[in-house]
Amino acid sequence: MAAVFALADCNNFYASCERVFDPRLRDRPVVVLSNNDGCVVARSAEAKALGIPMGEPAFKCKELFAAHNVAVFSSNYALYGDMSRRVMQTLARYSPDIEIYSIDEAFLRLDRLNDAPAALAKRAKEEVGRWTGIPVSIGLGSTKTLAKIANRRAKKDPANGGVFDLTGGADVEAGLAATAISDVWGIGPRYAKMLAGLGVATALDFIRLPRELVQKRMTVAGLHTWLELRGISCIGMEESPPPKKSIINSRSFGRRITELADIKESLAYHVVRAAEKLRAQGSVCSRLLVFIQTSRFEQGVPYYSPTAEGGLPVATANPSKLVKLAHDLAETIFKPGLEYKKAGVMLTGIERADARRLTFFEPEAQADGREKTLLRTIDAINAKWGRRTVDIAACGTAKPWAMRQESRSPRSTTVWEEIAVVRA
DNA sequence: TCTGGGGTCCTAGGACCC
DNA sequence: TCTGGGGTCCTAGGACCC
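The written sequence of each chain sets the order in which its residues are numbered from 1. Chain labels run from A onward and ligand labels from 1 onward, assigned in the order the entries are written. Per-residue local features are limited, in this predicted model, to residues with pLDDT of at least 70; the limit for side-chain atom pairs, both in listing and counting, is 80 or more; totals at the level of whole chains, interfaces and linings are taken over all residues. To obtain the side-chain values, all non-hydrogen atoms of the structure were included, while hydrogens and water were left out.

Enquirer: Describe unusual backbone geometry, with residues and values.
Expert: Phi angles above zero are rare outside glycine, and D27 is one such case at about 70°. On the secondary structure map, D27 appears in the loop between α1 (13-20) and β2 (30-33). Looking at D27, the relative accessible area reads 66%, which means it is exposed. One non-glycine residue, N69, lies in the positive phi region at around 55°. Comment: elements are numbered from the N terminus, with helices defined as DSSP H or I runs of at least four residues and strands as E runs of at least two. A 1.4 Å probe rolled over the protein chains alone gives each residue an accessible area, and that area as a share of the maximum for its type sets the label: buried under 20%, exposed over 50%, partly exposed in between.

Enquirer: Give a detailed account of the protein's contact with DNA strand C, specifying residues and quantitative values.
Expert: If even one non-hydrogen atom of a residue comes within 4 Å of a molecule or strand, that residue is called near it. DNA strand C sits among 13 residues. The nearest are E105, K148, G188, R190 and Y191. Here, DNA strand C places atoms within 4 Å of the protein, and 100% of those atoms are sugar or phosphate. In the analysis that follows, any N or O atom pair within 3.5 Å is treated as a polar contact, provided that within protein one partner can donate a hydrogen and the other can accept it, and provided that, for residues neighboring in sequence, both atoms belong to side chains. The separation between a sugar or linking oxygen of DNA strand C and a polar side-chain atom of S102 is 3.4 Å. In this structure, G188 approaches DNA strand C through a main-chain N or O atom, which is 2.9 Å from a phosphate oxygen. Broken down by secondary-structure element, the contributors of at least two residues to the surface near DNA strand C are β5 (98-102) and α8 (189-196). Take the surface near DNA strand C: its biggest share by element is 3 residues, from α8.

Enquirer: Would you mind going over the sheet that holds strand β4 (residues 71-73) in detail, with residue names and values included?
Expert: Pairing between strands is defined by DSSP: at least two bridges between them are needed. Strand order in the open sheet made by the 3 strands is β3-β2-β4, with mixed pairing throughout. Of all strands in the sheet, those with a lone pairing partner are β3 (40-43) and β4, marking the two edges. Each strand of the sheet is rotated relative to its neighbour by a mean of 25°, with strand direction disregarded. Sheet topology places β2 next to β3; 3 bridges connect them, and they run antiparallel. Axis angles are defined between N-to-C directions and span 0 to 180 degrees, where every axis is a line fitted to C-alpha atoms and, for a helix, only to the segment in contact.

Enquirer: Which residues make up the pattern of salt bridges, and what values go with them?
Expert: Salt bridge, as used here, is a side-chain nitrogen of Lys or Arg placed within 4 Å of a carboxyl oxygen of Asp or Glu. Applying the stated criterion across every chain yields a total of 23 salt bridges. A network of salt bridges, in which partner residues are shared, links D82, R85 and R86.

Enquirer: So what's going on with the packing of aromatic side chains? Which residues, and what values?
Expert: Only centres within 6.5 Å qualify two rings of Phe, Tyr or Trp (six-membered ring in Trp) as a pair; their planes then separate them into stacked at under 30 degrees, edge-to-face at over 60, and tilted for everything else. If you walk through the whole model with that rule in mind, you get 10 aromatic pairs. Centre to centre, the rings of Y14 and Y80 are 4.3 Å apart; their planes meet at 10°, and the pair counts as stacked. Placement of the pair is Y14 in helix α1 and Y80 in helix α4 (residues 77-91), with a sequence separation of 66 residues. Note on accessibility: Y14 and Y80 belong to one class, buried. For the pair Y269 and W401, a centre-to-centre distance of 5.4 Å together with 50° between the ring planes defines the contact as tilted. Of this pair, Y269 sits in helix α11 (residues 260-280) while W401 sits in the segment after α13 (362-385), placing them 132 residues apart in sequence. In this structure Y269 comes out as buried when scored by relative accessible area, which is 13%. Taking the relative accessible area as the measure of exposure, W401 reaches 7% and is therefore buried. When the ring centre of F107 is taken as reference, the NZ or CZ atom of K144 above it lies at 4.6 Å. Charge-over-ring placement is defined geometrically: NZ (Lys) or CZ (Arg) within 6 Å of the ring centre, and within 35 degrees of the ring normal. Between R273 and the ring centre of Y269, over which it is positioned, the NZ or CZ distance is 4.8 Å.

Enquirer: I'd like to hear about α4, residue by residue, with values.
Expert: Helix span, expected: 1.5 Å multiplied by one less than the number of residues in the helix. The end-to-end C-alpha distance of α4 is 21 Å, a good match for the 21 Å that 15 residues give at a rise of 1.5 Å each. Inspection of α4 places L79, Y80, D82, M83, S84, V87, M88, T90 and L91 among the buried residues, and these make up the whole buried set. Residue contacts follow a heavy-atom distance rule, with two residues in contact if any of their heavy atoms lie within 4.5 Å. Buried positions along α4 lie against β1 (5-10), α1, β2, β5, β6 (105-109) and α5 (117-132).

Enquirer: Give a detailed account of the sheet that holds strand β8 (residues 163-165), specifying residues and quantitative values.
Expert: Spatial ordering of the open sheet is given by β5-β6-β1-β7-β8, a layout of 5 strands whose pairing is mixed. At either end of the open sheet lies a strand with only one pairing partner, and these are β5 and β8. Across the sheet, the mean angle separating the axes of adjacent strands is 15° when strand polarity is ignored. When β5 meets β6, the two strands line up antiparallel, connected through 4 bridges. Across the sheet, the residue bridging to I100 is A106, located in β6. Helix-sheet contacts for α5 involve β7 (136-141) and β8, and the interaxial angle to β7 is about 165°.

Laid out in structure tokens, this is it:
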């Protein structure tokens, strides 16, 4: 059988997660906001129908929210992450060949199995709904890009029952003709605009462009999209996620920050989180980049957004060493008299911890061993007793820079004290 | 008052080397 | 007067994804 890729995508994922634990939200418009309660990042179908755009700043929607009794939530990533894990575990029962693509999407290979792909997809969709309460749509295609298009068709028309099959005898041309070019996976706003200038409105128009033109204007990535839409698979399944080559931790401040000391505190926090991610994938890093930013939207004052990068003599995952470097770098770019809105760090020069150069000096090797033991112990304690049970002092306790989060729902599946209570 | 966060890949061009 | 050329590494910038 020819390859059959399925894309399973949770409908309005964050909004659906909120609904699972509060049935009163059914039929009520639900939106979820980004960190710091900044922008709308998820909308239920009812909220979409109200015309609330994705990414809209929350303060611009206040009146609309009030007028239509919209349920508004701060992001609750503890909940969404755990719900995602449950959805993925359920999907994995349907194919050994699964790639978790994002928090709410997974690709599955559905050929090479005993049952017909479309029948498997239908059962998977129903079981995820029954076991987790999350509605999911599944699209089937002979390539990943076509599976993405099929998924859009599945979502768009309720008559499809949440599953759309663009393989076998399906009319692929009709599917491509019904898909706006800007809705194709791999075509962003820039390329969509450029293609519009070439008279391309749909995916079907796009695959009728000459191959050489596509490669010239859109490089090999664009060519892959073009080939995939023609049924030639270029983007394969990734069995296990490769280690990250860069790790970022950053956040907008809950309010404006003017003091270097506060910025340093927030940077320490970001470094500690980033170093945890680094150790979780068994890596060390040799470079660190610090960035601080004023508001992009402030009238009358120039936008200040400097970065500073520095290296370490020996690659490390030790937060104390990284914090020291981050603080030194911050001092080189901090300008007093400005109101800062955001800060963050990026770790690069990432390599496997076990591939490190050996140290020949015995005292250093011993110190290295003690350091590893210490960090392993901290990670173990935090894994058992919760994040930040053991922290480093530079993160501070006052946290004037902490983010706003005014309406977070309970962490119903990961914190005992916040578990849902059912009254019968 | 209020505008997210975290990633990847590709290419062009400069520095440097022989 | 004539003033190489190819390879590699690094970085910045631009495109995309969720």
